Amino acid sequence: MVARFNRRKFLVYGSATLGTSMLLKACGGSTTSPDTGTAPEGGDTTAGGGETVKVGILHSLSGTMAISETTVVDAEKLAIKEINAAGGVLGKQIEAVVEDGASDWPTFAEKAEKLIDQDQVAVVFGCWTSASRKAVLPVFESKDHMLWYPVQYEGQECSKNIFYTGAAPNQQIEPAVDWLLENKSKDFFLVGSDYVFPRTANTIIKEQLKAKGGNTVGEDYLPLGNTEVTPIITKIKAALPNGGVIFNSLNGDSNVAFFKQLQGAGMEPDMYPVMSVSVAEEEVRQIGPEFLVGHLASWNYFQTVETPENEKWVADFKAEYGEDRVTNDPMEAAYIMVYLWKQAVESAGSFDIAAVRTAAYGQSLAAPEGPVTMNPNHHISKTVRIGEVKEDGMFEILWSTDGPVDPQPWNQFVPDTKGFACDWSDPAKGEKFKI
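Residues numbered from 1 in each chain as written. Predicted model: local features only at pLDDT ≥ 70, side-chain atom pairs only at ≥ 80, totals over all residues. Heavy atoms only, no water.

Enquirer: Let's hear about the packing of helix H12 (residues 329–348) against helix H13 (residues 353–360): which residues, and what values?
Expert: Contact geometry for H12 and H13: axes closest at 8 Å, N-to-C directions at 110°. As the angle between them shows, H12 and H13 are arranged roughly perpendicular. Mapping the contact onto sequence places Trp341, Ala344, Val345, Ser347 and Ala348 in H12 and Ala355, Val356, Ala359 and Ala360 in H13. Here the residues of the contact of H12 with H13 are counted per class, giving 8 nonpolar, 1 polar and no charged. (Axes fitted to C-alpha atoms, helices over the stretch in contact; angles between N-to-C directions. Helix = DSSP H or I, 4+ residues; strand = E, 2+ residues; numbered from the N terminus. Parallel < 35°, antiparallel > 145°, perpendicular 65-115°, else oblique. Contact = heavy atoms within 4.5 Å. Nonpolar A, V, L, I, M, F, W, Y, C, P; charged D, E, K, R; others polar.)

Structure follows, in structure tokens:
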């Protein structure tokens, strides 16, 4: 049975949608086009004066991660277009400077430096993989600048210079493991792309299984973008001869080959349910729903979430980009982070990064996924959901928490970080302190 969302809690956070009623709060400005990145004639494009304010958008528009990241850019551009149409931020129109990280981590770092030093953006919205985020982290910290990051990740990080609007592990991975142990199997095979997120996520999962009586029967990785999945499927079949859970943290194009060959090997979801944490509606659409029906995903948002805000956002997104398009969790997290930044700027009355950082704490939004609130640890409280892929490519929500779950950046199953937390609102606590 689905755990229904607590409607009274939802209403406390405000009934305004991310559409027209919310946008009317913004101030007046000029007519910069975020799609072209062209400033109005004679307009100052710096954060400090003139009619526009530049923001950076930094995602992979090419390479193996483009399958996922191009849609996130669409969501960010839509938020910017809406904000500009309603008057902008502090009387300025937002001008988006879009850069391609090209699924290459050194390129992400170079582009981050370019956005900060040459373009003098007020903020950067960007990255998908933890590898790209780790690559740009030293740039933002050394320059004391600001990155808003929209994708679920492995935790074990809490930077003063990053705001994370995707899930921490206790808002996605850990609830998924608990649900699988109760509803599917105690035997898990862990498969992922070979970089920081899957490896750290699987470290957390192994500790959680150990604590909860589950079994890790195997673990294997593919280089990011690699499609040679046959050896892994052979190992899974050998390790789980009678079936069991496949916990999947593959990213990018590898998922296309994985799901197609899994079906080709006769490993159906009734015996080999795959729980994915990086496969959402867009990936299902591109892989083909026929290869994923019956498999599972854990996210905070699905297109099938029943909130008035989501109904409006899905309609607005399709009106902008086409009826055949879908929405998903990273896109929604990217969309709302632009609004959360806008609210923080308006609360601060300034684009000054230190002032905006402080003003961001406590910012709440009636988001398509439900109510979200930015915490002093730079992560947001979010509802957790588990969905199953249906024939139309949408997810049927099988389970959800009653309301938002508070984020824990430092994992409480991993011995090295158990008992630690983060609080940037208190200089004495900061990045990591003992609870």
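Enquirer: Report on the environment of Tyr339, specifying residues and quantitative values.
Expert: Inspection of the secondary structure assignment puts Tyr339 in helix H12. Under the relative-accessibility criterion, Tyr339 is labelled buried at 0%. Sequence separation of Tyr339 and Glu76 is 263 residues, and the distance between their C-alpha atoms is 9.5 Å. (Buried < 20%, exposed > 50% of the residue type's maximum accessible area, 1.4 Å probe, protein only.)

Enquirer: Which residues make up the state of the cysteines, and what values go with them?
Expert: If you walk through the whole model with that rule in mind, you get 1 disulfide. For Cys158, the disulfide goes to Cys422, at an S-S distance of 2.0 Å. Its torsion about the S-S bond being -70°, the disulfide of Cys158 and Cys422 is classed as left-handed. With a gap of 264 residues between them, Cys158 in the loop between strand S4 (147–149) and strand S5 (162–164) and Cys422 in strand S16 (residues 420–423) connect regions that are remote in the sequence. For the residue pair Cys158 and Cys422, the accessibility class agrees, reading buried in each case. (Disulfide = S-S within 2.5 Å.)

Enquirer: So what's going on with the environment of Lys432? Which residues, and what values?
Expert: Note that Lys432 resides in strand S17 (residues 430–434). Taking the C-alpha atoms as reference, Lys432 lies 8.1 Å from Trp410; in sequence the two are 22 residues apart.

Enquirer: Describe the sheet that holds S4, listing the residues and the values that go with them.
Expert: Within a sheet, adjacent strands bond to each other through the backbone by hydrogen bonds, running parallel or antiparallel. Judged by pairing direction, the sheet is parallel, and its 5 strands sit side by side in the order S2-S1-S3-S4-S5 without closing on themselves. Edge positions in the sheet fall to strand S2 (93–100) and S5, since each has one partner strand and no second. Each adjacent strand pair in this sheet contributes to an overall mean axis angle of 25°, direction not counted. The sheet contact formed by strand S1 (residues 52–59) and strand S3 (residues 124–126) spans 3 bridges and is parallel. Across the sheet, residue Ile57 finds its bridge partner in S3, namely Phe125. Relative to S1, helix H3 (residues 66–85) is tilted by about 165°, and along the sheet it contacts S1, S2 and S3. Of the strands in this sheet, S1, S2 and S3 touch helix H4 (residues 105–117), which is tilted by about 150° from S2. (Pairing = 2+ DSSP bridges.)

Enquirer: Which residues make up the pairing of strand S14 (residues 385–389), and what values do they have?
Expert: In terms of burial, S14 is a largely internal element, 5 of the 5 residues being buried. Where burial is concerned, the two faces of S14 agree: the one with Arg385, Gly387 and Val389 and the one with Ile386 and Glu388 are both buried. Across 5 bridges, S14 lies against strand S15 (residues 395–400) in antiparallel orientation. Directly across from Gly387, in S15, lies its bridge partner Ile397. Between S14 and S15, which follow one another and run antiparallel, lie 5 residues, and Gly393 among them has a positive phi close to 85°.

Take it as geometry only, folks, not as evidence of what the structure does.
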